[in-house]
Structure formats: C-alpha cells, structure tokens
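# Per-entry structural report
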Amino acid sequence: MPRSLFILAALAGISAVGVAVADDTDFLPPNGYYASANGSGATLQSQLQSIISSGHIQRSYGDFRNSAAIHDQDPNNPSNILLVYNRASVGSNWTSGTTWNREHVWPQSRQPGSVSNSSRGNLGDPHALRPANPNINNSRGNKPFGTPTSTGNFGSAGSYYFPGDSDKGDVSRSLFYSATRYTGLSLTSGTLGSNQMGDLDALMVYHFDDVPDDFERRRNQAIYSQGLNPSYYTNNRNPYVDHPEFAWSVFVDNENDSTITLAGGSASADGSSVQSIDFGRAYVEEATPSLTQSITLDKAGQDGTYYEVTTVGPTTSDITGRFNAFRTGGTDSTTFNVGLNASTATPGVQGGTVIIDNLDVTNGSGMGDGAQDGNDLVLMSLSVLNHPVASFADSGDLRSATLDFGQLSLGAPTVDLGFEITNLLTGGPTFAADLDLDSVVATSGDTGAFLIDPMTFGGLAQGATESGVATALTAAAGVYEATYTLNLSGEDLPGEETQTLALTLRSEVVSAGPLPGDFNGDGVVDNGDLNLLLPNWGASTSPLPSGWVGDPPIGAIVDNDELNRLLPNWGAGIDAVPEPTTAAVLVLSLATVGCVRRR
C-alpha cells in the first residue's frame, strides 16, 4: 500500500477533528525500558513478557469506567472520549453503558474467567479494553478479526469482524499485547481453539497497513504513566506500540525477507544504498530557492517491515521517525520529499544526511534482509561561495599591470609578451566561485601599435591561472602606449558581480641606423629610393650624389651593390606593397640597368 494510504488509514478517525501530529520524541518509554528485549521469536516474546509484567499494577474492569476519560480522551475535546471502531467523540462520563460501554478487544468468551467489575488480568487490563458504542459492540459479538483484504469502514465480514481502517492496527497491537502479557492466550489463523484469537494473518496485514498514530501512542503513554493517570496507571506498556518491529519476529518467524533501498541509489550487497543530491552552488548571503527533491524508497521481498527516517544536520524529510511501514504480502514503494535548510551566511559546503533504517529484528534471511539490511543514506549538499577575485598575480590582489616592450627596432619582427590572470587564492577569499573572462576591450591610447590575444575563458577555478599574449608591432617608428580593459565575472548565479582588470602596453620603435635601401632617408624603401638610384647609376660616390642622405653607397661608384641593398628591402618601413605600376617601372628600370652594366 502506498505510504499516503498508510497515513490516511492511520489517521482517518481523527483527521476530521484536526489532531496535531506529534513528534516521535513524545510518548516515549523510559530510557532502558526495553534494554533486555534483544532476542527473537519465542525468546523475544518471553523477554517482553518479563518487561511488561515487572511492576505491572493490574487494574480492574470497573476501574475502566473512570480511567477511559484519561487514556481515551478526545485530544480536541477534553470532556469527551474517542470510541473504538467508529472513532466517535462522546461524553466521557460513565452512564452505566448507555452512552458507551467497555469492549473486550479479546472477547471475554475467548479467554479464561468471567467478567465483573472486580475482574483483573486481561479482563480488566486497559491495554485490552476500549470504549465502544453499545450497538456496535453488540454487533461485533465475539467474532475474530479478519479478513486480510478487508478495508473501509467497520463491520462484519462473514464469520469475521473488520475493525475499520482507523482502528485495525490498534486492535492488532492490543491482541499482540494480550498474547504476550498473559500466559495461555495465543493468536492463530483459521479455526480458533480455546483461549485463541485471530485471524493472525489478517492482524499482521493490519499491523503494517495502520501504523501507530498519535492517539494510540498517547493512549499507551497515559495507561502507563502515573503523571498522566495518577489513580489508574498500570506502570506497564504495550511493546508493539512502542516497537512495532517486534511483532514479526514474535508472531511470524525469524526470516523477514524485506530489503529497503533508495531507487536510483548505489546499492551494496548488505542492502544499504546511497543517493547523493547536489543542490549546486550559491553566493554568500544570497537567498536560495527551495532545496527539495523527491526520493523513492523500494521494499523488496514479500514481508512487511517498519522503518525509521532520521534527519542529520540541516536536512528535512516529509517522513520522519520510526512509525513508518511497508505492507506485507508483496513488494512496495513510497515517494516523499527530502530537503536541505542550508545557510548562506558563510562560505563552505553545507550538507546533511537522511538515514533510512530497516527496523526489523530478524536475521534468518541472511545478509541484506531484515535486521541485516544496511542503512540507506541520502547525502545532500550545497556549495556556498565567495565571489572570485581576478588578479594579474597569483600572490596578491593586482588589478592593473603594465607590459613594457622596451625599445624595438623599426621593421624588426613583432615581439610577444605574456601575462597571466589568476582566480586569486593566496591572499584572496576562501572558497570562491570560478572566474570567467567575458571580453577584452581596447580602451585608450595607441591601440593600433599593439595586438592582444582576444581570449575569453570560463570556469577558472580558484587558485588556477590562465595565460594571455600581447604583441608589439614595429612597422612605424614612435613611442606608443595603449590600455585594454578585461571584463570578468564569476559564475552565473543570483547575486553575480562583475569586475575589471586594466592592462597597459608600452613600446618605442626606433631605426637602428639607416634602413638598408633607404637612400633618401625618409624611413621607407620605395620608389623615392629607386628614383634616386637610377639617375646616379655609375656616378662617383664622393661626393655623394645630390639628395643621398640615407643608407650610404658601397664602393667608389653607384652600381649593383646599391641595387642589391634596395631590392630585398623593397617596402620596408611601410605596410603596403608597391602598386602594380611601380612594380612595372621597377622591372623596366632593372632591365635598363642590366644593359648599362653589360656595356
């Protein structure tokens, strides 16, 4: 049966009056009360009998007329009590059985002795009695309870009686108590013998379908407690309300085959499973959305079992405590929500665990089943991050940097210098987000004199470094400076902040002596130099030909030596190549020079 139906069945009779759900820490037995209940089967039953018999103050059948007002009290109307089977709320005053009478859950005709107001033992034990509507009590008679498939409202089911979904688990645990506390009473399935009740198969189904609710657990506490019930307390408890997991071992066998695992989790041979839920990352002091996720528990095996859900750390769960059950007679599953109440006040990993424990106490089915079914863990986490700090240094917060290329020769090959961007760790914040470089923008200055790697990157972890390259051009002489802005950000999370770094580039491009082939000294090798060379072909170099102020001639006359300096450097000092017409003139002139040289 789905967990939602378990809850409906358990609370059906009291949900209409709005009973608040109690915490599992309410209505607990004293520490150590069940310390000696560590066996299984008949041994466990004997241990429980000893526990609930020791110090037991037996009350009479007549006492129940007054004590019912305490332990069967309507939690929403202290003057009333809740009746068994129909959960009706009626006045608690005893009116000689006209408003309500005393129902023996274990019929008096099916146990030793005859009842009177002085009767004690099971005939007068409040754990075995319930207030009931007189007509409903009469219609039930002494029928055993059944059948396993019965659901819905109370009423006869052939030769059996169905107590109704609201009380079927309560009735089962009352009978479990009587068969444990009082020697000579026993439970069975099928035909009943002397001092027997049943149907045990049906009672076991009811026990897992209808878990102990707040009313039943408070009733158990009020019967036991002198503080709640000073005149009629019994000083003993129903162990199957406090520890419903005992019932299978005592009344069925020592081979419960249930195995609980998390659907989608990693399972081990011992039945344990782990599911990790990473709720991602958030910035410090930023609100987080609801951190919840649905999980599914699967129960393998045919046997029913109770399980406990415990939250550790800032975790939440729709289901908590030990009063949760999977049905018997088949596999089963339930789905519920778990969550993380993470604080973003400080950086670090916020996390917690939800633990699911199969409470069955039997170990006869082997590893992974029953008591040998390992715990299942839901591990939840959220990473709370500081904002990253971008720096040009890995050991401090350096937001601006200058690359000085120094003095470069005009026309020399371009020069590269590297720089680094660090997501600062040393001297920076602890546990910071990753860093992204979103863009590089030329901001000011002689940006045409440089090139900068237009790199962008994402996901630079704290402490990591990314490299970049800047290039200085040498095409034209001059002193140059330019500034570039690097725009950076952290991870794309609510509360994101942007930041910038400033990179300044400097260079000085100078001529390292005359440019070879630059005869007229204008800084470039082009038609001006060719037009100076050709008219002076064969002329004496001393004195220099008119206009020759640049690269000096070689030897005594202007000839092929000068031509061989000019041709390899044609276009040096300028970005453009010669125009087609100029190239044609150059070819024609060279042909002429060749002819002159041969003569």
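Residues numbered from 1 in each chain as written. Predicted model: local features only at pLDDT ≥ 70, side-chain atom pairs only at ≥ 80, totals over all residues. Heavy atoms only, no water.

## Here we look at the sheet that holds strand S24 (residues 450–452)
Reading across from one edge, S20-S22-S26-S24 is the order of the four strands in this open sheet, with antiparallel pairing throughout. Edge positions in the sheet fall to strand S20 (390–391) and S24, since each of these pairs with one other strand and no more. Relative to strand S22 (residues 415–423), S20 runs antiparallel, the two sharing two bridges. Directly across from alanine 390, in S22, lies its bridge partner asparagine 423. (Pairing = 2+ DSSP bridges. Helix = DSSP H or I, 4+ residues; strand = E, 2+ residues; numbered from the N terminus.)

## Some thoughts on the pattern of salt bridges
Note that side chains of opposite charge can pair when their charged atoms are close. For the structure shown, the criterion picks out 20 salt bridges. Glutamate 308 is the salt-bridge partner of arginine 322, the closest N and O atoms lying 3.7 Å from each other. In this pair, arginine 322 is assigned in strand S16 (residues 321–326) and glutamate 308 in strand S14 (residues 305–312), connecting sequence segments 14 residues apart. Here the salt bridges share partners, and the residues they tie into one network are Asp72, Arg87, Arg130, Asp167, Asp170, Asp213 and Arg219. (Salt bridge = Lys/Arg side-chain N within 4 Å of Asp/Glu carboxyl O.)

## Thoughts on the sheet that holds strand S21 (residues 400–409)
One open sheet holds the five strands; their spatial order is S21-S28-S27-S23-S25, and the pairing between them is mixed. For this open sheet the edge positions go to S21 and strand S25 (457–460), each flanked by a neighbour on one side alone. Adjacent strand axes in the sheet meet at a mean angle of 25° when their direction is disregarded. Sheet analysis places strand S23 (residues 435–445) next to S25, joined by two bridges and oriented antiparallel. Following the sheet pairing, leucine 437 is matched in S25 by phenylalanine 457. (Axes fitted to C-alpha atoms, helices over the stretch in contact; angles between N-to-C directions.)

## Observations concerning the pairing of S16
By the criterion of burial, S16 is predominantly enclosed, with six of the six residues buried. Where S14 lies against S16, four bridges are found, and the strand directions are antiparallel. Paired with valine 309 across the bridge in S16 is glycine 321. (Buried < 20%, exposed > 50% of the residue type's maximum accessible area, 1.4 Å probe, protein only.)

## Brief notes about the side chain of arginine 102
Among the structural elements, arginine 102 can be located in strand S4 (residues 101–104). Buried charge without a partner: arginine 102 forms no salt bridge, and the closest opposite charge is aspartate 63, 8.6 Å away. Among the polar contacts listed, one links the side chain of arginine 102 to the backbone oxygen of tyrosine 61, at a separation of 3.0 Å. A polar contact of 3.0 Å, which involves the side chain of arginine 102, links it to the side chain of asparagine 117. Among residues more than four places away in sequence, those in contact with arginine 102 are Tyr61, Gly62, Phe64, Arg65, Trp94, Asn117, Arg130 and Asn137. (Lys, Arg positive; Asp, Glu negative; His and termini not counted. Polar contact = N/O pair within 3.5 Å; in protein donor to acceptor, adjacent residues only side chain to side chain. Contact = heavy atoms within 4.5 Å.)

## A look at the environment of serine 383
Mapped onto the secondary structure, serine 383 falls in strand S19 (residues 376–385). Look at serine 383 and you get buried, because its relative accessible area is 14%. Through-space distance from the C-alpha of serine 383 to that of threonine 328 is 41 Å; in sequence the pair is 55 residues apart. Excluding residues within four positions of it along the chain, serine 383 makes contact with Gly280, Arg281, Ala282, Gly348, Val349 and Phe431.

## Remarks on the packing of aromatic side chains
If you walk through the whole model with that rule in mind, you get 16 aromatic pairs. Ring geometry for tyrosine 240 versus phenylalanine 251: centroids 5.6 Å apart, planes at 55°, classification tilted. Of this pair, tyrosine 240 sits in helix H8 (residues 239–242) while phenylalanine 251 sits in helix H9 (residues 246–251), placing them eleven residues apart in sequence. Aromatic ring contacts, followed pair by pair, group Tyr33, Tyr34, Tyr224 and Phe246 into a single cluster. Above the ring of tyrosine 233, the side-chain terminus of arginine 59 is found at 5.6 Å from the ring centroid. Seen from the ring of tyrosine 224, arginine 237 lies directly overhead, with NZ or CZ sitting 4.9 Å from the centre. (Phe/Tyr/Trp six-rings, centres within 6.5 Å; stacked < 30°, edge-to-face > 60°. Lys NZ or Arg CZ within 6 Å of the ring centre and 35° of its normal.)

## Quick word on the confidence of the model for the protein chain
For residues with low pLDDT, the predicted coordinates do not support detailed interpretation. Looking at the protein chain as a whole, the pLDDT averages 90, with 91% of positions reaching at least 70. In the model, residues 1–22 has pLDDT below 50 throughout and makes 44 contacts with residues more than four positions away in sequence or in other chains. A low-confidence stretch, residues 575–599 (pLDDT under 50), is modelled with 17 contacts involving residues beyond four sequence positions or located in other chains. (pLDDT = per-residue confidence, 0-100.)

## A closer look at the nonpolar core
Counting residues in each nonpolar core, the largest one holds 42 residues, and the members touching the most others are Leu48, Phe145, Leu175, Phe176, Leu187 and Phe251. Going through the elements one at a time, helix H2 (41–53), strand S7 (160–162), helix H5 (168–181), helix H6 (200–209) and H9 are the ones with two or more residues in this core. What leucine 175 contacts, discounting residues up to four positions off in sequence, is Val105, Trp106, Phe145, Leu187, Met197 and Leu203. Membership of the second largest hydrophobic core comes to 28 residues, among which are Phe419, Ile421, Phe450 and Leu486. (Core = buried A, V, L, I, M, F, W, Y, C linked by side-chain atoms within 4.5 Å.)

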